[in-house]
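Secondary and tertiary structure notes
Each chain, written out:
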Amino acid sequence: MKAVICEKFGLPETLKYGELPDPTPGPSQVLIQVDACGVNFPDVLIIQNKYQFKPELPFSPGGEVAGKVIEIGSEVKNVQVGDSVLALCGWGGFAEKVAVDSDRVFKLPSGLTSEIAATTLYTYGTSYHALKDRANLQPGETLLVLGAAGGVGLAAVELGKTMGAKVIAAASSEEKLALCKEKGAELTINYQKEDLKARIKELTQGKGVDVVYDPVGGEYTEAALRGMAWKGRYLIVGFANGEIPKIPMNLPLLKGCSIVGVFWGQFSKLEPEMSFQNIAQLMQWIKQGKISQHIGGRYSLEEAPKALNAILERKMLGKGVVIVKK
């Protein structure tokens, strides 16, 4: 089968387009003919051997796919050959076929395209788990989203609005902030030009924000933490900046706030019933038109390294998708 192959750990330009043997599904696995694969920040980390999960070389990156079931293992009960599905494979998605554990495979609701399905689970799944399960975001609360025009950030903006929060979007350009406004942000901060802490104070009349959603890390974390309201919740989602911040631990003490980790991949494995309920709610909102993925770039399988570079350079607005089956 055709695939984008990581033969040695490194940056996207080290990836190769070539042939890999067709995967064979195990007893509890499903073999999927891939139509589309979402592009996510963990893909950039995994090819550099910087992610929590470390596949053996060679492998294909790409952890979020949609396609059609073409073979099932003897123990699989939840899907049948011919079903249209979306799946969390972790890696292997930038290829024509991928074998996935059946408990990570979900039937597609009617009317949901492979392109939209393949760009939904990681971003909306992460953001909804963060806002609902980890922050307990309530209607009327103020939510600050850092890196708000990226995949998970834009999903958090849209979900925060849907959940009844007042959303402040923070990003590095006016173009990005304009997109955030389209998705429901009431207020914006350009942290390339404005002082983040001072602007938070100004926009909240000194109260601070109830929830911070932070997939960026680096220099913005401490400034945002200093802008927390009493009993606020600070969500640690990722470190797209590349720098894991060191937080002065007197700040959560003085703010009476919580710093909460968000690891959606592990949550979906350890708490599958709640994860499934979350996914069902997201699918319902998509069908109702309350949330809709913004596709920032479409790429062929051969162009997958370009998609990863766009994320690495923080040029991707919304979510990228690799179209595997034309």
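This section reports on the structure supplied with the text. (Residues numbered from 1 in each chain as written. Predicted model: local features only at pLDDT ≥ 70, side-chain atom pairs only at ≥ 80, totals over all residues. Heavy atoms only, no water.)

**Describing empty space enclosed by the protein**
All chains considered together, the criterion is met by one cavity of 30 Å³ or more. Quantified by volume, the largest cavity comes out at close to 30 Å³. In terms of lining residues, the largest cavity is bounded by Pro42, Asp43, Ile46, Tyr51, Gly90 and Tyr122. The biggest single contributor to the lining of the largest cavity is helix H1 (residues 41–46), with three residues. (1 Å grid on protein atoms, 1.4 Å probe; cavity = no way out; pocket = protein on both sides within 12 Å on 5 of 7 lines; lining within 4 Å. Points joined across faces, edges and corners; volume = space filled by probe spheres on them. Helix = DSSP H or I, 4+ residues; strand = E, 2+ residues; numbered from the N terminus.)

**Remarks on helix H11 (residues 304–312)**
Buried residues of H11: Ala304, Pro305, Ala307, Leu308, Ala310 and Ile311, and no others. On its buried side, H11 packs onto strand E1 (2–5), strand E3 (29–39), H1, strand E14 (295–300) and strand E15 (319–323). Downstream of H11 by a residue or two, Arg314 has a phi angle that is positive, lying close to 60°. (Buried < 20%, exposed > 50% of the residue type's maximum accessible area, 1.4 Å probe, protein only. Contact = heavy atoms within 4.5 Å.)

**So, helix H6 (residues 196–203)**
Within the sequence span of H6, burial applies to Leu196, Arg199, Ile200 and Leu203. Taken around the axis of H6, the buried residues stretch over an arc of 105°, which confines them to a single face. Exposed side chains of H6 directed beyond 90 degrees from the buried face belong to Lys201 and Glu202. Check the buried side of H6 and you find it contacts strand E8 (142–145), strand E9 (166–171), strand E10 (187–190), strand E11 (209–214) and helix H7 (220–226). Capping the start of H6 is the job of one residue whose side-chain oxygen sits 3.3 Å from the backbone nitrogen of Lys197: Asp195. Phi turns positive one or two residues past the end of H6, at Gln205, with a value near 55°. (Arc of directions from axis to C-beta. Polar contact = N/O pair within 3.5 Å; in protein donor to acceptor, adjacent residues only side chain to side chain.)

**A look at the sheet that holds strand E12 (residues 228–236)**
Within a sheet, adjacent strands bond to each other through the backbone by hydrogen bonds, running parallel or antiparallel. The sheet built from six strands is open, its strands ordered E10-E9-E8-E11-E12-E13 with parallel pairing. In this open sheet, the two edge strands, each paired with only one partner strand, are E10 and strand E13 (258–261). Shown here is a sheet whose adjacent strand axes are inclined to one another by a mean of 20°, direction ignored. (Pairing = 2+ DSSP bridges. Axes fitted to C-alpha atoms, helices over the stretch in contact; angles between N-to-C directions.)

**Description of the packing of aromatic side chains**
For the structure on display, the rule yields seven aromatic pairs. Seen from their ring centres, Phe9 and Phe59 are 6.3 Å apart, and the 45° between their planes marks the pair as tilted. Pair noted here: Phe9 is in the loop between E1 and strand E2 (16–19) and Phe59 is in the loop between H1 and strand E4 (64–72), with a separation of 50 residues, a long-range link. Relative accessible area serves as the criterion here: at 32%, Phe9 is assigned to the partly exposed category. Grouping aromatic residues by their ring pairs yields a cluster made of Tyr51, Phe53 and Phe263. (Phe/Tyr/Trp six-rings, centres within 6.5 Å; stacked < 30°, edge-to-face > 60°.)

**Details of unusual backbone geometry**
Following Leu57, the chain continues to Pro58 via a peptide bond in cis, the omega torsion being -10°. For Pro58, the location among the structural elements is in the loop between H1 and E4. The backbone of Asn136 sits at a positive phi, close to 50°, despite the residue not being glycine. Within the secondary structure, Asn136 sits in the loop between helix H3 (121–134) and E8. We classify Asn136 as partly exposed; its relative accessible area is 48%. Look at Gln205: it is not a glycine, yet its phi comes out positive at around 55°. Note that Gln205 resides in the loop between H6 and E11.

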